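The chain contents come next:
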Amino acid sequence: MNTNAKKREKAGAFLRQSSVPIMFVIICAVCIPISGLSPSYLINEIVTRMGRNVFLILSLLIPIMAGMGLNFGMTLGAMAGEIALILVSDWQIVGIPGMVLAMIFSVPFSILLGWFCGKILNMARGREMITSYIISYFINGVYQLVVLYLMGSVIPIRHGSIKLPRGYGIRNTVSLLNMRQKLDNLIPLTIAGVKIPVMTFIVIGVLCLVIIWFRRTKLGQDMRAVGQDMQVARDAGINVERTRIISIIISTVLAGIGMVIYLQNMGNIATYSSHSQIGMFCIAALLVGGASVDKASIGNVFLGVILFHTMFIVAPKAGAAITGDSMIGEYFRVFVSYAVITVALVMYETQKRKRKSLEGQKLAQAQKGEQNKGQKEENEA
Amino acid sequence: MKKKRSFIFRLIALALIAALAAWMFLIGRGHTVYFDNKSLTAPDGTAYEPWYQIEILKDGQRVARLKAEDRGMVEVMGQKLTVEVKLAKSKDGKMQGGTIGLELPYNKDGVIYNLPAMLAGAQEEVYMSEFIPTPVEEETEEVVVTDEFVLPSEE
């Protein structure tokens, strides 16, 4: 009887924890047949999107480990990656060398922005997510100032295909045709009609191994300690502020590199909008994979990308088949992206309050017990 | 001692990354190479006449087939280009062939090679020139969209 109750409790906990992925599995299972898309097309699309997005989403894991929640500030890294790509395109460095150069050039920008973001987040402890979200808007303004006014006038941009006709500022779209899918196609492999971006997956695999290794290092352990309890970590001699800044810097640098991989797959940069939604969609994908604000794993990343992007692919077609208007599907998927983040944040906040109230109750009980004990001793005396 | 060692390691890592970036700059420079099969008169008055047909092959694949007064192009990464050239003087003429190795100038995006002059043994400044694109018409100003609530064009 006792074991049955334990099993039931375990199953209940599993269902509670996996409610979001289960919901998405159901949505996908309903939408796939309605959409009428062929399995090979669907698998091809999912594999392509995995190559495109996984690196970016992996960049979110380290700040979660350090207890800083979902890093909406990854947008900063994405902007750094875009600036590096614009410069490399203007210098006419093409192919894989162009990509590698863009990655290298994005790093100093990412470090600077990550340091800035980390510094501010240390001042806004406990409100990291909303703060990083607003920082991303602020830096977007700075990015627009640089790209729209400084590039071409202060920062030399030579090519007319990149520069606006007025002589300064960058066009709405910058072509990356000479870099397009170079990494994906470096080791060509097609299995049963499905194109596998082998090299991109190797790069992702290496990053996964680095993350696993990093968790075991001194810095990784420090981050976990900081994530669990900042006060205890500080008492143990860990420089909490520094550790938190490093976690944000690492996340921003990885986001910058991830953005280069993302854009090489796309083949163009939407100069003023590529980065703005990337944070939102990456975070949504991670949450769909079963992650929470304080716990995320590499498995969550992969499951999230598969489920979220399956929904992304099939929703417009399914929407068109059900309502006759594909825009309904478009609205649905945007609605789901925001909804899943909202639900995750509400759940996190509710659990936090519940935990606090439980702790409070326990403390009150303990105090009451001590009071009773004292009274008893007094009475006895 | 430990601090000094880690500082040296960081310095070495930084130097390696800088060296990698420099190497990428060198090997990744893209050029558009234009091949002309056009008549050309050199500054000294020497006239070079076009061939009936020129075929250009890169890595065994044909990238251009040029009749008289035609222009072909090929995208190149790096500063070296080796192409195989097949030529015919006239319609019934026998095809001749050969391999040409070209050193591309780093600072030029587009380079034009006049093949008749080049094959006739003219000086480099005669057969090679920079391609400077000229705008066909006045471009209208582009409206910049900075609205962050636009969906990314993923599809």
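What comes next concerns the included structure. (Residues numbered from 1 in each chain as written. Chains lettered and ligands numbered in written order. Predicted model: local features only at pLDDT ≥ 70, side-chain atom pairs only at ≥ 80, totals over all residues. Heavy atoms only, no water.)

Focus on the overall build of chain B
1) Next: Scanning chain B for helices and strands turns up three helices and ten strands.
2) Next: The N-to-C order of helical and strand elements in chain B reads α-β-β-β-β-β-β-β-β-β-α-α-β.
3) Next: Across the 155 residues of chain B, 34% fall into the buried class.
4) Next: Considering only residue pairs separated by 6 or more positions, chain B has 57% of its internal contacts joining residues 24 or more positions apart.
5) Next: Total accessible area on chain B is roughly 10300 Å²; 57% of this is exposed by carbon and sulfur atoms. (Helix = DSSP H or I, 4+ residues; strand = E, 2+ residues; numbered from the N terminus. Buried < 20%, exposed > 50% of the residue type's maximum accessible area, 1.4 Å probe, protein only. Contact = heavy atoms within 4.5 Å. Areas by Shrake-Rupley, 256 points an atom, 1.4 Å probe, with all protein chains shown as cover.)

So, the sheet that holds strand S10 (residues 128-130) of chain B
All names here are of chain B.
1) Next: Within the open sheet, the four strands sit side by side as S6-S1-S9-S10. Their pairing is mixed. The open sheet has two edge strands, strand S6 (70-77) and S10, and neither has a second partner. The mean inter-strand angle of the sheet, taken between neighbouring strand axes irrespective of direction, is 25 degrees.
2) Next: Bridge analysis of strand S1 (residues 30-37) against strand S9 (residues 110-114) gives five bridges, and the strand direction is parallel. Note on S9: the bridge partner recorded for Val33 is Val111. (Pairing = 2+ DSSP bridges. Axes fitted to C-alpha atoms, helices over the stretch in contact; angles between N-to-C directions.)

Some points on the nonpolar core
1) Next: Ranked by size, the top nonpolar core spans 111 residues in total, and within it Leu58 and Leu286 of chain A carry the most contacts.
2) Next: Apart from the residues lying within four places of it in its own chain, the contact partners of Leu58 of chain A are Ile204, Leu207, Cys208, Ile211, Ile298 and Val301 of chain A.
3) Next: Formed by 26 residues, the second largest nonpolar core is a distinct cluster that contains Trp51, Ala64, Leu102 and Ala117 of chain B. (Core = buried A, V, L, I, M, F, W, Y, C linked by side-chain atoms within 4.5 Å.)

As for the packing of aromatic side chains
1) Next: Evaluation of the coordinates by the stated rule reveals 13 aromatic pairs over all chains.
2) Next: For the ring pair Phe105 of chain A and Phe25 of chain B, a centre distance of 6.3 Å and an interplane angle of 85 degrees mean the geometry is edge-to-face. Taken together, the residues Phe105 of chain A in helix H6 (residues 95-123) and Phe25 of chain B in helix H1 (residues 2-27) connect one chain to another.
3) Next: Accessibility expressed as a relative area gives 24% for Phe25 of chain B, which makes it partly exposed.
4) Next: Clustering of aromatic rings is evident, with ring pairs tying together Phe72, Tyr133 and Tyr137 of chain A.
5) Next: One Lys or Arg, Arg29 of chain B, reaches over the ring of Tyr106 of chain B and ends 5.4 Å from the middle of that ring.
6) Next: When the ring centre of Trp51 of chain B is taken as reference, the NZ or CZ atom of Lys89 of chain B above it lies at 4.2 Å. (Phe/Tyr/Trp six-rings, centres within 6.5 Å; stacked < 30°, edge-to-face > 60°. Lys NZ or Arg CZ within 6 Å of the ring centre and 35° of its normal.)

Focus on the interface of chain A and chain B
1) Next: Contacts between the two partners involve 37 residues from chain A and, on the opposite side, 29 residues from chain B.
2) Next: Surface buried jointly by chain A and chain B totals about 2800 Å² across both partners, of which 57% is contributed by carbon and sulfur atoms.
3) Next: Linking chain A to chain B there are one salt bridge.
4) Next: Close ionic contact of Asp109 of chain B with Arg158 of chain A constitutes a salt bridge, the shortest N to O distance being 3.8 Å.
5) Next: At the boundary of chain A and chain B, one finds three residue pairs in polar contact (both at pLDDT 80 or more).
6) Next: If you list the elements that add at least two residues to the side of chain A that touches chain B, you get helix H3 (39-58), H6, helix H7 (128-150), helix H11 (240-266), helix H13 (298-323) and helix H14 (326-380) of chain A.
7) Next: Here the element with the most residues in the side of chain A that touches chain B is H6 of chain A; it accounts for six residues.
8) Next: When grouped by side-chain class, the residues that make up the side of chain A that touches chain B number 18 nonpolar, twelve polar and seven charged. (Buried area = accessible area lost by both parts, 1.4 Å probe. Salt bridge = Lys/Arg side-chain N within 4 Å of Asp/Glu carboxyl O. Polar contact = N/O pair within 3.5 Å; in protein donor to acceptor, adjacent residues only side chain to side chain. Nonpolar A, V, L, I, M, F, W, Y, C, P; charged D, E, K, R; others polar.)

Here we look at the pattern of salt bridges
1) Next: Going through the model one piece at a time under the given rule, you end up with ten salt bridges over all chains.
2) Next: The partner of Lys218 of chain A in a salt bridge is Asp222 of chain A, with the nearest N and O atoms 2.8 Å apart. Highlighted residues: Lys218 of chain A and Asp222 of chain A, both in helix H9 (residues 218-228), separated by four residues, approximately one helical turn.
3) Next: In this structure Lys218 of chain A comes out as exposed when scored by relative accessible area, which is 62%.
4) Next: Classification of Asp222 of chain A as buried rests on a relative accessible area of 13%.
5) Next: Arg62 of chain B serves as the salt-bridge partner of Glu55 of chain B, at 3.9 Å between the closest nitrogen and oxygen.
6) Next: What you see here is one network of salt bridges that share partners, running through Arg125, Arg234 and Glu241 of chain A.

What is shown is where atoms sit, not what they do.
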